[in-house]
Amino acid sequence: MRLLTQTKVFRFLVYTLLILAILYFLSLIDFILQPIGTVITSIALPIIGAGFLFYVTEPLIRLFERFNIKRIFAVILVFVVIMLVVAFSVYFLIPMVQEQLNRLSDNAPAFRSWLEEALRWVETNQQYIPDEFNTSVDDIIDQLSGYAQEAVGSIFNAIGAIFNFVVSFVLIPFFLFFMLKDSKKFIPFVTQFFSPKKKDSLERLFASINNSLGSFIQGQMIISFSVGTMLLIGYLIVGLEYALILAIFALFMNVIPYLGPWLSAIPAVLIGFFQDPMTGVWTAVVMIVVQQIEGNLIEPNVMGKVLNVHPLTVVVIMIAAGATIGFIGFILAVPMYAVTKATVTHFYHEYLNHKKTSEQYLI
């Protein structure tokens, strides 16, 4: 009969208690961890931004290397391409976006009044709406009237946040340059301190994580640009005002899987109805058609089964991350899950292989 201490349940309880004990002791030294957390937070944005651009531009690096171009020159060419894209945006896109934003800002009071009237109409003309919904409508109207005061009060806080963001944003090219230049040196540097067997295991782990992150980010970028382009064409066809900024907004929101497309549809449809009821209807039709094309044609062919995760799981993960971290949690939830899944799966297979090898030796 097996001893109690050798059962899986006992080991699980011991590991759980150890983890809880470690978390408790970490809470006792919060005064030490807090400054470390501040430092990590300050460099998180440039590292995340550079890592995102690394996976976006890495295929271009490999393309240049196929033509026997040295990696350092390939990196320089990539930066030239990035600067050309930035120059195109500055001279062509940004002026059009600024012009549409100015017009949208001028029409903001009229749009707010229209939205308040629409909400009141829903409240007064629908007799079967629950009281809770009517209360929510009143709350929304009250919040709309207070947005201007809140915006003025947060200007000074926003200036400090923008300054920190700009400083971090400037560091992104430096991180990106060395990531692209020395990416092949990272894994050998980390694994050189381990035995050959563990070195091989870590190399396979890093390769799995790199493949999961790279495939997800590159696939999501292709999907986002495809959706943004299709929406821009559709908005222009139906005559929707502010088509460019709404399409760009949808492009960035589409980085959030599943939830992003629906979140980007709300302002577009509302502005369409504000412009003209039929324009709002046709805008909704455009959104539905584009999302059907994305969900049934583009995403299955681009993403395939990169993460092999059920959509409901993704939504739950993003909601949990958003509630814990904030809006950034919606964006980072799936990549973080991909890394965690790849790591856990790798070590689980390593455990099974080790157990199988041990049993063979016993036989």
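Above: the structure in question.
Just so it is clear, the model here is predicted, and its values are computed rather than measured. (Residues numbered from 1 in each chain as written. Predicted model: local features only at pLDDT ≥ 70, side-chain atom pairs only at ≥ 80, totals over all residues. Heavy atoms only, no water.)

**Q** Please clarify how the pattern of salt bridges should be interpreted in this entry.
**A** Opposite charge on two side chains permits them to pair, given that their charged atoms come into close proximity. In the structure shown here, the tally under the stated rule is six salt bridges. Between Lys181 and Asp182 there is a salt bridge whose closest N-O contact spans 3.1 Å. The exposure class of Lys181 is partly exposed, given its relative accessible area of 32%. A salt bridge links Lys185 to Asp182; the shortest N-O distance between them is 3.7 Å. Here Lys185 pairs with Asp182, and both are found in helix α6 (residues 155-191), just three residues apart, close to one helical turn. Look at Lys185 and you get exposed, because its relative accessible area is 53%. The exposure class of Asp182 is partly exposed, given its relative accessible area of 23%. Members of the salt-bridge network, linked through shared partners, are Glu58, Glu65, Arg71 and Lys184. (Salt bridge = Lys/Arg side-chain N within 4 Å of Asp/Glu carboxyl O. Buried < 20%, exposed > 50% of the residue type's maximum accessible area, 1.4 Å probe, protein only. Helix = DSSP H or I, 4+ residues; strand = E, 2+ residues; numbered from the N terminus.)

**Q** What should I look at first to understand the environment of Ile288 in this one?
**A** Relative to the helices and strands, Ile288 resides in helix α10 (residues 277-302). Ile288 sits 26 residues away from Trp262 along the chain, and the two C-alpha atoms are 9.6 Å apart.

**Q** Any chance you could explain the nonpolar core here in plain terms?
**A** In globular proteins that are soluble, nonpolar side chains generally tend to be buried together. Formed by 26 residues in total, the largest nonpolar core has its most connected members in Ile61, Leu176 and Leu180. Tallying contributions element by element places helix α7 (residues 196-238) first for this core, with seven residues. Excluding residues that lie within four positions of it along the chain, Leu180 makes contacts with Phe54, Thr57, Glu58, Ile61, Arg71, Val75, Val78 and Phe79. The next biggest cluster of nonpolar side chains, apart from the first, holds 19 residues, and it includes Val97, Ile271, Val286 and Met287. (Core = buried A, V, L, I, M, F, W, Y, C linked by side-chain atoms within 4.5 Å. Contact = heavy atoms within 4.5 Å.)

**Q** Whenever I open this one, empty space enclosed by the protein confuses me. Can you help?
**A** In this approach a probe as big as a water molecule rolls over the atoms, and the regions it shows empty are the leftover space. In this structure the tally under the stated criterion is two cavities of 30 Å³ or more. Roughly 40 Å³ of volume is contained in the largest cavity. Looking at the largest cavity, the residues that line it are Val227, Leu231, Ala250, Asn254, Pro261, Ser264, Met287, Val290, Gln291 and Glu294. Elements with a contribution of two residues or more to the lining of the largest cavity: α7, α9 (259-275) and α10. For the lining of the largest cavity, the element with the highest residue contribution is α10, accounting for four residues. (1 Å grid on protein atoms, 1.4 Å probe; cavity = no way out; pocket = protein on both sides within 12 Å on 5 of 7 lines; lining within 4 Å. Points joined across faces, edges and corners; volume = space filled by probe spheres on them.)

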